[in-house]
Amino acid sequence: MKIKLKIQQKIQLFIISASFIIYIIAVGYISLNARKMAYNDATEVANRYVHETANDIKAKLDADLTLVKTLSNAFHTYKYLPKEQWQDLFSKMYYEVFKSNPQIYSLWDSWELNAIDPEWDKPTGRYVIIYWREGDIIKHNTEFRSLDGDPVLYAEIKTRTLPAIWEPYEDVFVEDKAEKFLMTSLNAPILENGKYVGIVAIDITLDRFQKLVEKIKPFEGSYAYLISNGGTIAGHPEKELLNSKIEELFPEDNIEHSIAQNILKGNSFSYVSTDANKVQNYISYAPIFVGETNTPWSLAISVPIDTIMAKANRSFRISLLVGLFGIILITLVIAIISRSITNPITRITELLKQLAKGHLNDGMKIKIETGDEIEEMTEALNDSINGLNKKVDFANRIGQGELDYSFDLLSEEDALGNSLIEMRSSLIKADKDEEKRKIEDEKRRWANEGLAMFADILRLNNDKLETLANEIIINLVNYLKANQGGLFILNDDDKENIYFDLLSAFAYDRIKFMKKNILIGEGLIGTCAIEKKTIFMTDVPQNYMEITSGLGGASPKSLLIVPLKLENDILGVLEIASFNVFEKNEIEFVEKLAESIASTLSSVKINIRTKELLERSQQQAEEMTAQEEEMRQNMEELQATQEESSRKGAEMEGFVDALNVSSYVVEYDIDGVIQKINDNYLALLGLSNDDVIGTHHSGNIVFTEQQKIKYDKFWGKLRNGEIVKETTTINIKGNEFVFSETYSPIRNAEGEIYKILKISNNITNYKKLN
């Protein structure tokens, strides 16, 4: 249910509520910021304090480590002195150092025997010097250790190449001593050319750092503790926690905040933790890097959050009291002011209620003299009443159809007046748009009817180009109410002479029988074909075209040239001329119609070409039949010829076989290289085919100069086509043979000599008889 309130009540309610909300926000913001600032300041103090103390501890440990490193570096002189001399020297040096540094619990070194004793050949074994305190007495001892092997701890120490600080440990230096100390050791290795030869170390008790940790209390209830790199408590106000592991004291914090890992890495970090008594504490850790060691320790400080926030809480309570007093004062002031505002507004409200009910007259005006915005509001309301009366009169006039009635706006921002004027403009525009719509509808109807009519014309006259062209141009000129038109068709029968042929022309209701050819690119028709775009002209060039009739001739006012385009191919051009200027819708109509005409022309030309091809095919079929008969006769003659050729081939094959049996046959190329030799000849020579093929006619023969000239003439005659006969005597395996040889040039189909055939006959016996 909606609660209705008077304006005075709303003013009081809203302003007081807003003031209260602002107060809550302001106090909350200030308090939260104050608490946050107090918290940040306190944590900053804690962080600074823990870092400063960590630096103090670092300085003390750095001094001790520097001492160890100094001794380690000094020991490099051992190799320049006899063993007994440097051992005595170092022992005295230890005593002086030990005496001057009371914080050192013990000082010791360890020397590898294989480094200081040339006769020692074992890998382990060391010489140790030890100084320690018992009360005020300084004692020392020397001994040999690890003769049979290194302990695990010492073996691990030998692998280190950097100074180190050890984890805390409880130690008793001599067995009969009951007192135990929490200690750590600082050591520096002695390296010779990167090789471990010994170590110097000091053992120090952590009690001096314990005292320092116990003094760290920057806030009430705060405390500090020292942690080694391995997470061992090395200093804590509660001594029973010494030598405990951080993971055991704070298991949950260690898991959540990775305490051990952060200490191991030497990170500064902090967090808020709740202890066993449900008290929240701010805990900050500062790393302690000792010299060049890579095992940093850490100092932590724990501060109760309540201690940090005590001052901020007190400020918050004071802010609440001040804010409450302010709200009471504001409430009284608002009550007085709201009463002086709401009384005039009540009168204005009554007037607005009458306006809301639609009541409007000049007697509704009111007069209020307060000298403020309410008086201005009253005058503005009176002006609105006057303006509304005028608008009512203007609306009545428009309703009566007086669209030209004059009306003055109250101002440029008179929304209602502007709306009435826009309504009048809309009514005027609606009348004009209706008239325009009727004209557009008429144009669309005209175009659709025309396209339908020409669709029938194209469908009924698609078998002959001349008839189709005449029907198109006659009906198009009449439908456009033009005066003259022509249809040009692309003639590409001769690919070397392509042009546009005037297929049909029409003017003044009669077909004009004209012959006209236009090349591509010639005149407007050729240009239209190249550009593949419509050309529309209202300024037709003089002498381009003249429309004539029985009454005389005149130039047209407009010329329309449209390409007949199918996809991207031009099949023809339409040219229409008129004494009237073509409208845009008429041009669009002709362009759409041109697409249909182009498609139909393509179909008609294809049909005509198909008919021509069919007739040509029938003619070719008849010619083919005659050719087949002639071919049959030729085949019969060819078959008889082949039979005769086969008979002669068989005779020739018998002749070759007889020749191979009775004679010795060799084939040479024109350079005298043997290409083929018969088996009869090979048997006589006692050679194989591979031994002979590829050898030269003159192989293994040495010629004199005169013989060489005669031999070249012999082959020259053969290459010129002469048949040469010779009688040759050959010694084969100790037997002398006489041959009658005939060399015959052989020609190919082109008449060229391509090989030499030698036929040899053995006439040895004939020669012996003679």
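The present account deals with the structure reproduced in this document. (Residues numbered from 1 in each chain as written. Predicted model: local features only at pLDDT ≥ 70, side-chain atom pairs only at ≥ 80, totals over all residues. Heavy atoms only, no water.)

## Concerning the overall build of the protein
Point 1. The secondary structure content of the protein amounts to 18 helices and 26 strands.
Point 2. Expressed as a percentage of its 770 residues, the buried residues of the protein come to 36%.
Point 3. Nonlocal contacts in the protein, meaning residues at least 24 apart in sequence, comprise 53% of its contacts between residues at least 6 apart.
Point 4. For the protein, the accessible area works out to roughly 47000 Å², and carbon and sulfur atoms hold 53% of it. (Helix = DSSP H or I, 4+ residues; strand = E, 2+ residues; numbered from the N terminus. Buried < 20%, exposed > 50% of the residue type's maximum accessible area, 1.4 Å probe, protein only. Contact = heavy atoms within 4.5 Å. Areas by Shrake-Rupley, 256 points an atom, 1.4 Å probe, with all protein chains shown as cover.)

## Details of the sheet that holds strand β26 (residues 753-762)
Point 1. Pairing is antiparallel across the open sheet formed by five strands, whose spatial order is β23-β22-β26-β25-β24. Of all the strands in the sheet, just β23 (674-677) and β24 (724-732) have a single pairing partner and so form its edges. Neighbour-to-neighbour, the strand axes of this sheet turn through a mean angle of 25°, independent of strand direction.
Point 2. Taken together, the three bridges between strand β22 (residues 664-668) and β23 define a ladder with antiparallel strand orientation. Paired with Tyr668 across the bridge in β23 is Ile674. (Pairing = 2+ DSSP bridges. Axes fitted to C-alpha atoms, helices over the stretch in contact; angles between N-to-C directions.)

## With respect to the pairing of strand β20 (residues 558-566)
Point 1. Of all nine residues in β20, seven are buried; the element is thus mostly enclosed.
Point 2. As defined by bridge partners, strand β17 (residues 535-537) adjoins β20 across three bridges and the pair is classed as antiparallel. By the bridge assignment, Phe536 is partnered in β20 with Leu560.
Point 3. The pairing of β20 with strand β21 (residues 569-578) spans nine bridges and is antiparallel.

## Digging into the sheet that holds strand β10 (residues 269-274)
Point 1. Spatially, β9-β8-β12-β11-β10 is the arrangement adopted by the five strands of the open sheet, whose pairing is antiparallel. Sheet topology places β9 (233-235) and β10 at the edges, where each strand pairs with a single neighbour. Strand-to-strand twist in this sheet, taken as the mean axis angle between neighbours without regard to direction, amounts to 30°.
Point 2. Two elements, strand β8 (residues 223-227) and β9, share two bridges in a ladder whose sense is antiparallel. The partner of Ile227 across the bridge, within β9, is Ile233.
Point 3. Most of the contacts of helix α5 (residues 207-215) go to β8, to which it runs at about 150°, and overall it touches β8, β9 and β12 (297-304).

## What about the environment of Ile157?
Point 1. Take Ile157: it is sitting in helix α4 (residues 152-157).
Point 2. Sequence separation between Ile157 and Ala188 is 31 residues, and the spatial gap between their C-alpha atoms is 10.0 Å.
Point 3. In this view, Ile157 contacts Trp166, Tyr196 and Ile199; residues no more than four positions away in its chain are not counted.

## A look at the nonpolar core
Point 1. One finds Leu107, Leu186, Leu226 and Leu299 to be the most contacted residues of the largest nonpolar core, which totals 52 residues.
Point 2. Looking at which element gives the most residues to this core, the answer is helix α1 (residues 7-74), with ten residues.
Point 3. Leaving out residues up to four positions away in the same chain, Leu107 has contacts with Leu71, Tyr94, Val97, Phe98, Ile129, Ile130, Tyr131, Ala201 and Ile202.
Point 4. Ranked by size, the runner-up nonpolar core spans 34 residues in total, among them Ala447, Tyr479, Ile587 and Leu601. (Core = buried A, V, L, I, M, F, W, Y, C linked by side-chain atoms within 4.5 Å.)

## Regarding the pattern of salt bridges
Point 1. Applying the stated criterion across every chain yields a total of 17 salt bridges.
Point 2. A salt bridge links Glu96 to Lys99, with the nearest nitrogen and oxygen atoms 3.8 Å apart. Of the two residues, Glu96 and Lys99 are both situated in helix α2 (residues 83-100); the distance of three residues between them amounts to about one turn of the helix.
Point 3. In this structure Lys99 comes out as partly exposed when scored by relative accessible area, which is 45%. (Salt bridge = Lys/Arg side-chain N within 4 Å of Asp/Glu carboxyl O.)

## Overview of unusual backbone geometry
Point 1. The backbone phi angle of Asn193 is positive, close to 55°, even though this residue is not glycine.
Point 2. As for its position among the elements, Asn193 is in the loop between β6 (181-192) and β7 (195-205).
Point 3. Residue Asn193 is classed as exposed on the basis of its relative accessible area of 80%.
Point 4. Of note, the phi angle at Lys532 is positive, near 60°, even though the residue is not glycine.
Point 5. On the basis of relative accessibility, which here comes to 27%, the residue Lys532 falls in the partly exposed class.

## Focus: the packing of aromatic side chains
Point 1. Applying the stated rule across the entire model yields 26 aromatic pairs.
Point 2. Judged by centre distance (6.4 Å) and plane angle (70°), the ring pair of Tyr154 and Tyr196 falls under edge-to-face. Within this pair, whereas Tyr154 is found in helix α4, its partner Tyr196 is found in strand β7, the two being separated by 42 residues in sequence.
Point 3. With 5.5 Å between their ring centres and 90° between their planes, Tyr664 and Phe739 make a pair best called edge-to-face. Highlighted residues: Tyr664 in strand β22 and Phe739 in strand β25 (residues 735-747), separated in sequence by 75 residues. The pair Tyr664 / Phe739 is uniform in exposure class, with both members buried.
Point 4. Aromatic rings pair up to connect Tyr223, Tyr225, Phe250, Phe269, Tyr271 and Tyr285 into one cluster.
Point 5. In this arrangement the basic side chain of Arg126 is found over the ring face of Tyr154, its NZ or CZ atom lying 3.8 Å from the centre. (Phe/Tyr/Trp six-rings, centres within 6.5 Å; stacked < 30°, edge-to-face > 60°. Lys NZ or Arg CZ within 6 Å of the ring centre and 35° of its normal.)

## A closer look at the environment of Gly572
Point 1. Positionally, Gly572 belongs in strand β21.
Point 2. For Gly572, a relative accessible area of 0% gives the class buried.
Point 3. On a C-alpha basis, the gap between Gly572 and Leu601 in space is 8.7 Å, while along the polypeptide they are 29 residues apart.
Point 4. Leaving out residues up to four positions away in the same chain, Gly572 has contacts with Phe488, Ile489, Leu490, Phe500, Pro563 and Leu564.

## A look at a negative patch on the surface
Point 1. A cluster of acidic residues, Asp493, Asp494, Glu496, Glu612 and Glu615, forms a negative patch on the protein surface.
Point 2. Tracing the backbone shows Asp493 in the loop between β13 (484-491) and β14 (499-507).
Point 3. We classify Asp493 as exposed; its relative accessible area is 67%. (Patch = residues over 30% accessible without salt bridge, like charges linked within 9 Å, V, L, I, M, F, W, Y side chains within 5 Å. Lys, Arg positive; Asp, Glu negative; His and termini not counted. Charge placed at Lys NZ, Arg CZ, Asp CG, Glu CD.)

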